[in-house]
Amino acid sequence: MQSLKKFFAGVFLFAVLFLQNAVMAETVAFNVKTLKYHKPGCVHAQKCTVNCIKIEKQQAKARGGIPCKVCGG
């Protein structure tokens, strides 16, 4: 019985942590000239130093952002 309680407690904790990460805003590198946005690890995001800003993905979309063809934004 005790191990079953621990199992369900672990499942509950995992579910809470998973949902918390899903709700958190995703930060992207947004190029203000080309309007393309990239995931932080994308090669194009790392090369973009002059015209890129870090903003939330939803803000990039609201500004007319286009996802990168390489990383999918």
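Look up: the structure comes first, before these words.
Values in this document were obtained by computation on a predicted structure and should not be read as measured data.

As for unusual backbone geometry
Then comes step 1: In this structure, leucine 35 takes a positive phi of about 65° despite not being glycine.
Then comes step 2: With relative accessibility at 30%, the residue leucine 35 sits in the partly exposed group.

Here we look at the sheet that holds strand E2 (residues 36–38)
Then comes step 1: Reading across the sheet, the 4 strands line up as E3-E1-E2-E4 and stay open at both edges, with mixed pairing between neighbours. Each end of this open sheet is capped by a strand with a single partner; those strands are strand E3 (52–56) and strand E4 (66–67).
Then comes step 2: Where E2 meets E4, 2 bridges bridge the pair, whose relative direction is parallel. In the strand pairing of E4, lysine 36 is matched with isoleucine 66.

As for the pairing of strand E1 (residues 27–31)
Then comes step 1: Most of E1 is tucked away: 4 of the 5 residues are buried.
Then comes step 2: In this sheet, E3 lies alongside E1 in antiparallel orientation, the contact comprising 5 bridges. Bridging from a neighbouring strand, asparagine 31 pairs with cysteine 52 of E3.
Then comes step 3: Both E1 and E2 contribute to a ladder of 2 bridges, which runs antiparallel. Of the residues in E2, the one forming a bridge with alanine 29 is histidine 38.
Then comes step 4: In this antiparallel pair of consecutive strands, E1 and E2, the connection spans 4 residues, and leucine 35 shows a positive phi of 65°.

Basis of the calculations
- Residues numbered from 1 in each chain as written.
- Predicted model: local features only at pLDDT ≥ 70, side-chain atom pairs only at ≥ 80, totals over all residues.
- Heavy atoms only, no water.
- Buried < 20%, exposed > 50% of the residue type's maximum accessible area, 1.4 Å probe, protein only.
- Pairing = 2+ DSSP bridges.
- Helix = DSSP H or I, 4+ residues; strand = E, 2+ residues; numbered from the N terminus.

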